[in-house]
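Coordinate analysis (summary)
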Amino acid sequence: MSTREKFIGVNSITFNKRFKRDADCYEYLSLIKWEKGFVCRKCNYDKYYNGKKPFSRRCLKCKYDESPTINTMFEKIKFSILIAFHIAFKISTKKKGMSSLELSSEFELRQKTCWTLKQKVQKAMKSSLNSPLTGVVHVDEFVIGGPEEGKKGRSKGLKKLIVLAIEVLENGVGRAYAELIEHSSAKELGGFLIKYVSKDAEIITDKWRGYTPLKKEFLKLKQVASEDGKNFKELHIHIMNIKGWLRGIHHHCSKEHMQNYLDEYHFRYNRRSNMGTIFDVLIRKMVHYK
Ligand SMILES: [Zn+2]
């Protein structure tokens, strides 16, 4: 059995050297899929021989032939797997990602086709919630859309309320997470913190009463006056960047898809100093997605 050599790189030349044809991608998927060894999905037997399709494996006992794409996000893709890899590569490694419109013209696919794959990629980019934020963590909410950016009248339905948490380090900013919420209630804000922030983080929020009851669970939570945002400078820069990204690349983003965009943004953001392996991380998540 060949061992897996992780792809490391962010430029197209490196990518094109490694992935020249569909078979290179199928091999990559198969090595991720059976990284811990082969186990038949139907009968749990652990011996196989090569199946009919490229890099598929056939169970020695029940003869079930499993392709590397089945039961992964690459299942049932109606165009070349190489193109799908290329799209995943572009979305993950380009600083601002790529809209389905841009993908459509770059890869000569219908926009809807690109959009379908892009939504899968975004879902794979969702945090595994395995490494909550630690240290000093600033938290605040902000609004996207609504009367000030929407069309005429009070289009309240378009307003999107988002809560954001960001690690503030001595010399800059660490990781960040954001989530779409309905209300700035203690219940929703607390639900967000429990998912994304470590219990012993030094959380700092503004004076909003929604945060006050959370001190019971987050013992180091402190509330300070916002002073028009002066006490949350890093946080407000981050908010501006998210808004700018959404406006610049994606023009508008419906409430329904907002969480996916927030996940995409932070998947890249949280790996910005480790971009070389980001494509490999994404492909792994797309293979193992449940
Ligand atoms: Zn079997």
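First things first, this report covers the structure right here in the doc. This is a predicted model, so every value here is computed, not measured. (Residues numbered from 1 in each chain as written. Predicted model: local features only at pLDDT ≥ 70, side-chain atom pairs only at ≥ 80, totals over all residues. Heavy atoms only, no water.)

On to unusual backbone geometry, then. For Leu129, which is not glycine, the phi dihedral falls at a positive 65°. Within the secondary structure, Leu129 sits in the loop between helix H5 (111-124) and strand E4 (136-144). (Helix = DSSP H or I, 4+ residues; strand = E, 2+ residues; numbered from the N terminus.)

The next point concerns the coordination of the zinc ion. Protein-derived ligands of the zinc ion are Cys40 (SG), Cys43 (SG), Cys59 (SG) and Cys62 (SG), with the metal-ligand distances lying across 2.3 to 2.4 Å. Coordination geometry of the zinc ion: the four donor atoms subtend angles of 101 to 115° at the metal centre, consistent with an arrangement described as tetrahedral. Read in sequence order, the donor residues coordinating the zinc ion give the pattern C-x2-C-x15-C-x2-C. Remark: Cys59 occurs in strand E2 (residues 57-59) and Cys40 occurs in the loop between helix H2 (22-33) and strand E1 (48-50); sequence separation between them is 19 residues. Owing to a relative accessible area of 1%, Cys40 belongs among the buried residues under this scheme. (Donors = N, O, S within 2.8 Å, 3.2 Å for Na, K, Ca; no water. Tetrahedral: all angles 85-135°; square planar, octahedral: opposite > 155°, others 65-115°. Buried < 20%, exposed > 50% of the residue type's maximum accessible area, 1.4 Å probe, protein only.)

Counted residue by residue, strand E5 (residues 160-169) has nine buried out of 10 residues, so it is predominantly covered. Relative to E5, E4 runs antiparallel, the two being bridged by eight bridges. When the bridges of E5 are listed, Val137 appears paired with Glu167. Bridge count between E5 and strand E6 (residues 172-181): eight bridges; the pairing is antiparallel. Note that in E6 the partner of Leu164 across the bridge is Ala178. Where E5 hands over to E6, the hairpin turn is made up of two residues, counted between the paired strands. (Pairing = 2+ DSSP bridges.)

Phe19, Phe74, Phe85, Phe279, Ile283 and Met286 are the most contacted members of the largest nonpolar core, which has 36 residues in total. Mapped by element, the contributors of at least two residues to this core are H2, helix H3 (81-93), helix H4 (100-107), H5 and helix H9 (278-288). For this core, the element with the most residues is H3, which contributes eight residues. In this view, Phe19 contacts Phe7, Asp24, Cys25, Tyr28, Leu82, Phe85 and Phe279; residues no more than four positions away in its chain are not counted. (Core = buried A, V, L, I, M, F, W, Y, C linked by side-chain atoms within 4.5 Å. Contact = heavy atoms within 4.5 Å.)

This part covers H5. The end-to-end C-alpha separation of H5 is 20 Å, in line with the 20 Å expected for 14 residues at 1.5 Å each. Restricting attention to buried positions, one finds in H5 the residues Cys114, Leu117, Lys118, Gln119, Val121, Gln122 and Ala124. (Expected span 1.5 Å × (residues − 1).)

What follows is about the side chain of Ser92. Among the secondary structure elements, Ser92 is positioned in helix H3. Polar side-chain contacts of Ser92 include one of 2.8 Å to the backbone oxygen of Ala88. Contacts of Ser92, omitting those with residues within four sequence positions, involve Met125, Arg268, Met275, Ile278, Phe279 and Leu282. (Polar contact = N/O pair within 3.5 Å; in protein donor to acceptor, adjacent residues only side chain to side chain.)

We now examine the pattern of salt bridges. Under the defined criterion, the tally for this structure stands at 11 salt bridges. A salt bridge links Asp24 to Arg21, with the nearest nitrogen and oxygen atoms 3.7 Å apart. Notably, a salt bridge pairs Lys199 with Glu217, separated by 3.4 Å at the nearest N-O pair. One end of the pair, Lys199, is in the loop between helix H6 (186-196) and strand E7 (202-205); the other, Glu217, is in the loop between E7 and strand E8 (222-223), and 18 residues separate them in sequence. On the basis of relative accessibility, which here comes to 40%, the residue Glu217 falls in the partly exposed class. In this structure, a network of salt bridges that share partners links the residues Lys118, Glu264 and Arg268. (Salt bridge = Lys/Arg side-chain N within 4 Å of Asp/Glu carboxyl O.)

Let us look at the packing of H4 against H5. Remark: H4 packs on H5, axes separated minimally by 8 Å, with the N-to-C direction vectors making an angle of 120°. Classed by the angle they form, the pair H4 and H5 counts as oblique. As for the relative orientation of H4 and H5, their crossing is right-handed in sense. When H4 is examined against H5, the residues Ser100, Leu101, Leu103 and Ser104 are found in contact with a partner set consisting of Gln111, Cys114, Trp115 and Lys118. A breakdown of the residues in the contact of H4 with H5 according to their chemical character gives four nonpolar, three polar and one charged. (Axes fitted to C-alpha atoms, helices over the stretch in contact; angles between N-to-C directions. Parallel < 35°, antiparallel > 145°, perpendicular 65-115°, else oblique. Left-handed = near helix turned anticlockwise from the far one by under 90°. Nonpolar A, V, L, I, M, F, W, Y, C, P; charged D, E, K, R; others polar.)

Let's shift gears to the sheet that holds E1. Strand order in the open sheet made by the three strands is E1-E2-E3, with antiparallel pairing throughout. Edge strands, defined here as strands with exactly one partner in the open sheet, are E1 and strand E3 (65-66). Of the strand pairs in this sheet, E1 and E2 are connected by three bridges, and their pairing is antiparallel. When the sheet's bridge partners are listed, Tyr48 is paired in E2 with Cys59.

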